[in-house]
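The chain contents come next:
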2 protein chains.
Amino acid sequence: MFPLDRTDRVLLHALQADGRATVKELGAAAGLSPSAAHERVRRLQRAGVVTGVHAALDPSAVGIGLQALIQVQLTRHSRETLASFREHALSLPETLAVAHVTGAMDFLVRVGVRDSDHLRDLALDAFTTRPEVARLETAIVYEHVLATHWPVVTRDER
Amino acid sequence: MFPLDRTDRVLLHALQADGRATVKELGAAAGLSPSAAHERVRRLQRAGVVTGVHAALDPSAVGIGLQALIQVQLTRHSRETLASFREHALSLPETLAVAHVTGAMDFLVRVGVRDSDHLRDLALDAFTTRPEVARLETAIVYEHVLATHWPVVTRDER
DNA sequence: TGTGAAAAGCAGCCTGC
DNA sequence: GCAGGCTGCTTTTCACA
């Protein structure tokens with residue numbers, strides 16, 4: 001694991017809060033010169049600690065009137081079946097997130113749709129038709145909030 | 001709803017793929033001059049279509065060895081109970097996402113922990129002790145993938 | 001790893017279509 | 001609503017500590 005010190009944590013925090021922050025701002029937050037902050041940010045990216053910087057959109061602004069959680073139980077649990085369903089779910093334009101989990105249901109797919117008609121069409125056309133799918137259970141998502149600040153749960157306090 | 005044309009969609013797509021892209025690059029992707037791209041990006045931000053730009057981190061790099069989905073059934077469904085549990089869940093450093101959903105379970109909280117000991121401590125100390133919580137069901141998350149490209153599901157093709 | 005200076009490139013603004 | 005030019009700031013590199 002890439003060792004993260006206090007300065008790295010400050011930089012990561014700042015980049016999670018505002019991914020477009022300038023190196024100058026990041027440096028100021030971490031008590032570093034712009035060039036030093038730049039070097040550290042580049043290193044964090046090269047080391048794969050920062051996997052990317054992405055814009056977050058307002059669901060309703062892009063036509064998503066409804067979010068749902070489609071819980072899927074597979075017919076079989078072979079590697080092929082899992083991989084095949086995973087790929088399919090990720091390929092759907094409505095898919096916002098895919099989770100492969102333990103328990104009665106194998107996959108949870110969070111989707112963004114226009115309305116309940118769109119949701120029904122999606123469930124019937126893109127899920128129940130699949131040979132991998134044994135059972136579906138769909139829940140409406142009233143609200144979904146992503147944490148914008150991941151803590152560094154490591155204990156070392158370097 | 002803010003009207004989005006083809007050019008806006010290209011800009012949004014580019015910003016989702018790389019939130020640190022320069023206005024020059026965004027313009028090139030959309031077939032626009034840097035100044036025009038800049039103007040449109042600013043408008044998309046002011047209109048709230050782009051709610052923010054955030055760095056994504058590698059879970060294992062920040063000490064998250066395990067992710068779990070804690071499903072919570074509440075004792076009561078009053079506005080106060082819902083709000084109180086929601087706030088509590090969002091305040092936990094381990095929380096990665098919170099969803100309020102329909103169905104047997106009321107909330108789904110995705111958490112990032114070091115290991116199974118950490119998960120047990122979290123469940124016992126931060127969930128089962130809460131008066132709002134009637135029942136817990138915890139599932140291990142083998143894999144979680146967030147879509148980095150939200151489609152614009154609107155139909156108008158302006 | 002960090003600083004500071006210098007060069008290159010970009011953002012931000014303005015003017016004219 | 002867009003292009004092009006201008007100015008100041010930011011990024012990026014490099015020598016040095």
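Predicted, not measured: the structure shown is a model, and the values here were computed from it.

Participant: Just to check I follow, could you spell out the overall build of chain A for this structure?
Facilitator: Scanning chain A for helices and strands turns up 5 helices and 5 strands. When the helices and strands of chain A are placed in sequence order, the string is α-α-α-β-β-α-β-β-α-β. Taken over C-alpha atoms, the radius of gyration comes to 20 Å for chain A, far larger than the 15 Å a tight globule of 158 residues would show. Seen through its C-alpha atoms, chain A measures out along the principal axes to roughly 55 × 35 × 20 Å. Burial status across chain A gives 46% buried among its 158 residues. Roughly 7700 Å² of accessible area belongs to chain A as shown, and the carbon and sulfur atoms make up 52% of that amount. Mean positive and mean negative side-chain charge positions of chain A (18 and 19 charges, respectively) differ by 8 Å.

Participant: Mind showing me how you'd approach the protein's contact with DNA strand D here?
Facilitator: Close to DNA strand D lie Thr22(A), Val23(A), Lys24(A), Ser35(A), His38(A), Arg42(A), Leu32(B), Ser33(B), Ser35(B), Ala36(B), Arg40(B) and Arg43(B). In this structure, a phosphate oxygen belonging to DNA strand D sits 3.0 Å away from a side-chain N or O atom of Arg42(A). Contact between DNA strand D and Arg40(B): a phosphate oxygen at 2.5 Å from a side-chain N or O atom of the residue. Mapped by element, the contributors of at least two residues to the surface near DNA strand D are helix 2 (23–30) and helix 3 (34–46) of chain A together with helix 3 (34–46) of chain B. Element by element, the count of residues in the surface near DNA strand D is highest for helix 3 of chain B, at 4 residues. Among the residues making up the surface near DNA strand D, the classes are represented as 3 nonpolar, 5 polar and 4 charged.

Participant: How should I be thinking about the interface of chain A and chain B in this particular structure?
Facilitator: Where interface size is given, it is often the accessible area lost as the parts come together that is meant. In this complex, chain A contributes 62 residues to the contact, which on the side of chain B involves 62 residues. Each partner contributes to the roughly 5700 Å² buried at the junction of chain A and chain B, and carbon and sulfur atoms together form 59% of this total. Sorting the residues of chain A by area buried against chain B places Arg20(A), Leu57(A) and Trp150(A) first, and these three jointly supply 13% of that buried surface. On the surface where chain A and chain B come into contact, there are 2 salt bridges. The salt bridge involving Glu143(B) is made with Arg86(A); its shortest N-O contact spans 2.6 Å. Where chain A packs against chain B, one counts 29 residue pairs in polar contact (both at pLDDT 80 or more). Counting residues per element, the ones that place at least two in the side of chain A that touches chain B are helix 1 (6–17), strand 1 (50–57), strand 2 (66–74), helix 4 (79–91), strand 3 (95–101), strand 4 (107–113) and strand 5 (133–146) of chain A.

Cut-offs and rules
Residues numbered from 1 in each chain as written. Chains lettered and ligands numbered in written order. Predicted model: local features only at pLDDT ≥ 70, side-chain atom pairs only at ≥ 80, totals over all residues. Heavy atoms only, no water. Helix = DSSP H or I, 4+ residues; strand = E, 2+ residues; numbered from the N terminus. Rg over C-alpha atoms; globule rule 2.2 N^0.38 Å. Buried < 20%, exposed > 50% of the residue type's maximum accessible area, 1.4 Å probe, protein only. Areas by Shrake-Rupley, 256 points an atom, 1.4 Å probe, with all protein chains shown as cover. Lys, Arg positive; Asp, Glu negative; His and termini not counted. Charge placed at Lys NZ, Arg CZ, Asp CG, Glu CD. Near = heavy atom within 4 Å. Polar contact = N/O pair within 3.5 Å; in protein donor to acceptor, adjacent residues only side chain to side chain. Nonpolar A, V, L, I, M, F, W, Y, C, P; charged D, E, K, R; others polar. Contact = heavy atoms within 4.5 Å. Buried area = accessible area lost by both parts, 1.4 Å probe. Salt bridge = Lys/Arg side-chain N within 4 Å of Asp/Glu carboxyl O.

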